[in-house]
Amino acid sequence: MLSSRGARNAVLFDIPWRYAPPHTYDKKTNPSGLISFGMAEHLPMRREIADYINSKVIFTEDSVGYRGDPTHLPKAVAAHLNRILNPHVPIKPANIVVATSATALGGMLGFTLAESGDGILVSRPIYGRFELDYGVEAGVEIVYADTDPEEAFHPDYAVLKYEMALKEAEKRGVKIRAVIIVNPHNPVGRCYPAETLKEILRFCDRHHIHFISDEVYASCVFDSGDPEAVPFTSILSFDLSEFIDPDLVHLLYGFSKDFAAGGLHLGFLVSQNAQLLLACQATLRLHSPSTAAITIGTTILEDTEFTSQFIQKSQESLSRSYRLVTSVFDKEGIQYIKGGNAGFFIYINLSPYLPRNISVKDHDPQNGNNNNDNKSTGDVHREFALAQHLFDAGVFLHPNEEHAKEPGWFRLVFAHEEDTLQEGLKR
C-alpha cells in the first residue's frame, strides 16, 4: 500500500514518453541508433568539459568527505554570475544555495513557497517538466496562461493572460503562489524583452506573489543572423525595488546547460529572501551535491580563462547548428518560430503532418496533464501518433511536452554534431 502521494507518482511511468528515450545514435558504433531531438543537452561540448575535468581537477581528502569548504563554491558562483548577468546589486555568496540541480531547487521552491494543491503560473509554451519538478514532491499544480509564442513575450498580452489564468485558478480554489519564466526561453529559444520582464514583475507585485526566473541558458546566447533577435536581460540586472519587493524574486542557474554538464548535478538558487534561504538550507539534507562535484565546479568557475573560451566555443557551435537546421526548414517549408538566438532548440509547427484518422485504442497516451491543458484528447492522440511515426523512422521528438496552445508544435533540440543533425533531418 502506498500513500496518496506515492500512488500518484507511481502512475507517471504509465504515461508513454513521460520520460524520454535516450539518444543512442553514433555514426561509427551505432549508425542505426535513435537520434533524439528531445533531450536538451549540448552534446558537442561534453567532450571538452570532460577533458578539462580529467586534466585540471585535483581531488583532496575533503573532496570525498562529508563536508568540504561550504564557502568556496558560492564565492566562485557569485563571481561568475556577476560577470555574466550584470546584476544591479552584486550577488553575494551568502545569497546562494548550492544544490544538486536547478531541477532539485525547483522542487525545494515549490515545497517552501506553496502548499500542496497551490498553483504556480506559467505561460504557454513552456518547459514541460515543471509539472514534475514542482509536483512530484511538493504537490504544486502548474497553471497555464493561454498565450501563444508571440503573446508570451509581449508586455501587454503576457500579463493580460496571466491575469485571466490567475482569476480562473482562484475560481477553482487554487491559490497562485508564484510565476515561473525561463529566460532565455525554453522551448522557443528567444530572450525576454526588458519591458516584458518589468511588466511581469509589476504583475507579481500587484498580487504579492513570487517571481522565479530560470536562467540556466544565460550564456547559451548566440548569433543567429537575425538582426531583430532580442538580447538577453537577466532579471537581476534591474533595480528590483522599482517594481517589486526584492524578497519575492528568485533566480535559478546551474551547470547543465552553460557548461554541458547536466550529469555533474550542480544547481544554484540566488535570492535576497533570508527566510527562504534558511528554509532551503534545511532541505539541503536531501538535495546537497557531492563534495566531488563541488570540487569540480569550483575548479571550473575559478578558471575564468577556460570558462570564457568554453562559452565562446559553445556559442559558436550553437550558431552553426541553428543556421544549418533553419536553412533546411526554410527550404522544406516547415514553419518555426523566428527570432531565436538562445538555448538548444527550435519550436517547429508539424500540425500539417498530424494524422487525421487514428485509433485511440492504439495510441492511448494516458495524458497526465492537469486540467489547465486546453488540447482535446483527439489532438493529444494525434501528436502521439505522429511522434510514434517519427520514432519508427529512428528520430524522436517529444509529443505534447511543452503545452502549446495549438496542437502539432514540437521542440527540436539542435545541439548536436553536424553529421547527427544531417542524419536526423533526413530521417
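Look up a bit, the structure's there.
Residues numbered from 1 in each chain as written. Predicted model: local features only at pLDDT ≥ 70, side-chain atom pairs only at ≥ 80, totals over all residues. Heavy atoms only, no water.

(A) Layout of the packing of aromatic side chains. Applying the stated criterion across every chain yields a total of 23 aromatic pairs. Plain terms: the ring middles of Phe 259 and Phe 310 are 5.9 Å apart, the flat faces sit at 25° to each other, and that makes the pair stacked. With Phe 259 in the loop between β7 (249-254) and β8 (267-271) and Phe 310 in helix α10 (residues 304-332), this pair connects stretches of sequence that are 51 residues apart. By the burial criterion, Phe 259 is buried, and Phe 310 matches it. A connected cluster of aromatic rings, assembled from ring pairs, spans Tyr 52, Tyr 253, Phe 255, Phe 259, Phe 268, Phe 306 and Phe 310. In this arrangement the basic side chain of Lys 338 is found over the ring face of Tyr 336, its NZ or CZ atom lying 4.0 Å from the centre. (Phe/Tyr/Trp six-rings, centres within 6.5 Å; stacked < 30°, edge-to-face > 60°. Helix = DSSP H or I, 4+ residues; strand = E, 2+ residues; numbered from the N terminus. Buried < 20%, exposed > 50% of the residue type's maximum accessible area, 1.4 Å probe, protein only. Lys NZ or Arg CZ within 6 Å of the ring centre and 35° of its normal.)

(B) Quick peek at helix α7 (residues 194-207). Taking 1.5 Å per residue as the helical rise, α7 with its 14 residues ought to reach 20 Å, and the 20 Å between its terminal C-alpha atoms agrees with that figure. Within α7 the residues assigned to the buried category are Thr 196, Leu 197, Lys 198, Ile 200, Leu 201, Phe 203 and Cys 204. Where α7 is buried, its residues meet β3 (119-123), α6 (155-171), β5 (176-182), β6 (210-214) and β7. (Expected span 1.5 Å × (residues − 1). Contact = heavy atoms within 4.5 Å.)

(C) Looking closely at the environment of Ala 387. Locating Ala 387 in the fold gives a position in helix α11 (residues 377-392). For Ala 387, a relative accessible area of 0% gives the class buried. C-alpha separation for the pair Ala 387 and Phe 329, spaced 58 residues apart in sequence, amounts to 18 Å. Among residues more than four places away in sequence, those in contact with Ala 387 are Trp 17, Leu 397, Pro 399 and Phe 410.

(D) A look at the pairing of β3. The buried fraction of β3 amounts to 5 of the 5 residues, a majority that puts the element mostly inside the structure. Where burial is concerned, the two faces of β3 agree: the one with Gly 119, Leu 121 and Ser 123 and the one with Ile 120 and Val 122 are both buried. Alignment of β3 against strand β4 (residues 141-145), held across 5 bridges, turns out to be parallel. If you follow Gly 119 over to β4, its bridge partner there is Glu 141. Crossover handedness for the path β3 to helix α5 (residues 130-135) to β4: right-handed. Examined bridge by bridge, β3 and β5 share 3 bridges and lie parallel to one another. The partner of Ile 120 across the bridge, within β5, is Ala 178. (Pairing = 2+ DSSP bridges. Right-handed = clockwise from strand over helix to strand, strands pointing away.)

(E) Broad picture of the sheet that holds β4. Spatially, 7 strands are ordered β2-β8-β7-β6-β5-β3-β4 in an open sheet, and the strand pairing comes out mixed. Since the sheet does not close on itself, it has two edges, and those belong to β2 (96-99) and β4, each with one partner. Averaged over all pairs of adjacent strands, the angle between their axes in this sheet comes to 25°, without regard to strand direction. Docked against the sheet, α7 engages β3, β5, β6 and β7, running at close to 170° with respect to β5. (Axes fitted to C-alpha atoms, helices over the stretch in contact; angles between N-to-C directions.)

(F) Looking closely at the side chain of Glu 215. Mapped onto the elements, Glu 215 comes out in the loop between β6 and β7. Buried charge Glu 215 goes without a salt bridge, the closest partner of opposite sign being Lys 198 at 14 Å. At 2.8 Å, the side chain of Glu 215 forms a polar contact with the side chain of Ser 213. Beyond its immediate sequence surroundings of up to four residues, Glu 215 is in contact with Leu 85, Asn 183, Phe 232, Ser 234, Ile 235, Leu 251, Leu 252 and Tyr 253. (Lys, Arg positive; Asp, Glu negative; His and termini not counted. Salt bridge = Lys/Arg side-chain N within 4 Å of Asp/Glu carboxyl O. Polar contact = N/O pair within 3.5 Å; in protein donor to acceptor, adjacent residues only side chain to side chain.)

(G) Representation of the layout of surface pockets in the model. In this model, the largest pocket occupies a volume close to 1100 Å³. Lining the largest pocket are 41 residues, with Thr 103, Tyr 127, Arg 129, Asp 133 and Lys 257 sitting closest to its centre. When contributions to the lining of the largest pocket are tallied by element, the ones reaching two or more residues are α4 (102-113) and α5. When we break the lining of the largest pocket down by domain, the ones giving at least three residues each are domain 1 (4-47 + 319-426) and domain 2 (58-306). Lining the second largest pocket are 28 residues, with Gly 68, Asp 69, Pro 70, Thr 291 and Ile 294 positioned closest to its centre. Looking at the lining of the second largest pocket, the elements that each hand over two or more residues are α3 (72-85), β2, α8 (274-287) and α9 (291-302). Tallying contributions element by element places α9 first for the lining of the second largest pocket, with 6 residues. The residue inventory of the lining of the second largest pocket, partitioned by class, reads 13 nonpolar, 10 polar and 5 charged. (1 Å grid on protein atoms, 1.4 Å probe; cavity = no way out; pocket = protein on both sides within 12 Å on 5 of 7 lines; lining within 4 Å. Points joined across faces, edges and corners; volume = space filled by probe spheres on them. Domains from an automatic or database assignment. Nonpolar A, V, L, I, M, F, W, Y, C, P; charged D, E, K, R; others polar.)

(H) Up close: the sheet that holds strand β12 (residues 409-413). In spatial order, the strands read β9-β10-β12; together these 3 strands make up an open sheet with antiparallel pairing. At either end of the open sheet lies a strand with only one pairing partner, and these are β9 (335-336) and β12. Alignment of strand β10 (residues 345-349) against β12, held across 5 bridges, turns out to be antiparallel. If you follow Asn 349 over to β12, its bridge partner there is Trp 409.

(I) Summary view of the environment of Ala 260. On the secondary structure map, Ala 260 appears in the loop between β7 and β8. Classification of Ala 260 by relative accessible area gives buried; the value is 7%. Along the sequence, Ala 260 and Val 230 sit 30 residues apart, while their C-alpha atoms lie 23 Å from each other. Among all residues touching Ala 260, those that are not within four sequence positions of it are His 42, Met 45, Arg 46, Ile 49, Phe 255 and Phe 310.

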